[in-house]
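Geometric and topological summary
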Amino acid sequence: MLQRREELQAILDRAADQARTEAKRAGASIYYIREKKRIRESADGKKFEIMIDESGNRVERVLHEP
């Protein structure tokens, strides 16, 4: 059973990598959550944290990762 789970995870990882590559090639941003932060990554690799301010407006802050 563990082997099937590992095989499925490997398939899902490859699919995610392919989707990320195709989105970047098309000039589209990708969105994901990392460490409880909503992230938008532009096609050129720049990352932004997406937040909602007190007024309910969407705000993006440049994310500097080490």
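These notes cover the structure that comes with them. The model shown is predicted, which means the values in this text are computed figures rather than measured ones. (Residues numbered from 1 in each chain as written. Predicted model: local features only at pLDDT ≥ 70, side-chain atom pairs only at ≥ 80, totals over all residues. Heavy atoms only, no water.)

1. A few points about helix H1 (residues 2-25)
With 24 residues, H1 extends 35 Å between its outermost C-alpha atoms, agreeing within 8% with the 34 Å of an ideal straight helix rising 1.5 Å per residue. Phi turns positive, to about 85°, at Gly 27, one or two residues after H1. (Helix = DSSP H or I, 4+ residues; strand = E, 2+ residues; numbered from the N terminus. Expected span 1.5 Å × (residues − 1).)

2. Side note on the environment of Ile 52
Along the chain, Ile 52 turns up in strand S3 (residues 47-52). Leave out the neighbours within four places in its chain, and Ile 52 touches Arg 38, Asn 57 and Arg 58. (Contact = heavy atoms within 4.5 Å.)

3. Comments concerning the environment of Lys 37
Tracing the sequence through the fold places Lys 37 in strand S2 (residues 37-41). Discounting chain neighbours no more than four positions away, the residues touching Lys 37 are Tyr 32, Glu 49 and Leu 63.

4. Digging into the environment of Glu 41
With respect to the helices, strands and loops of the structure, Glu 41 is situated in strand S2. Considered as a pair, Glu 41 and Ala 26 are 15 residues apart in the sequence and their alpha carbons are 13 Å apart. Once residues lying within four places of it in the same chain are set aside, the contact partners of Glu 41 are Arg 20, Lys 24, Ser 29, Ile 30, Tyr 32, Lys 46 and Lys 47. Here Lys 24 takes part through its side chain, which lies 2.9 Å from a polar atom of the side chain of Glu 41. (Polar contact = N/O pair within 3.5 Å; in protein donor to acceptor, adjacent residues only side chain to side chain.)

5. Observations concerning the nonpolar core
Ala 23, Ile 30, Tyr 32, Ile 39 and Leu 63 together form the largest nonpolar core, which totals five residues. Setting aside its immediate chain neighbours within four residues, Ile 30 contacts Arg 20, Ala 23, Ile 39, Arg 40 and Glu 41. (Core = buried A, V, L, I, M, F, W, Y, C linked by side-chain atoms within 4.5 Å. Buried < 20%, exposed > 50% of the residue type's maximum accessible area, 1.4 Å probe, protein only.)

6. Some words on the pattern of salt bridges
Tallying each qualifying case throughout the model produces six salt bridges. The closest approach of N and O atoms between Glu 41 and Arg 20, which form a salt bridge, is 3.1 Å. Placement of Glu 41 in strand S2 and of Arg 20 in helix H1 is noted, with a sequence separation of 21 residues between them. The residue Glu 41 makes a salt bridge to Lys 24 at a minimum N-O spacing of 2.9 Å. Of the two residues, Glu 41 sits in strand S2 while Lys 24 sits in helix H1, which places them 17 residues apart along the sequence. By relative accessible area, Glu 41 is classed as buried at 5%. Judged by relative accessible area, Lys 24 falls into the partly exposed class, the value being 29%. (Salt bridge = Lys/Arg side-chain N within 4 Å of Asp/Glu carboxyl O.)

Bear in mind that shape data such as this cannot, by itself, settle questions of function.
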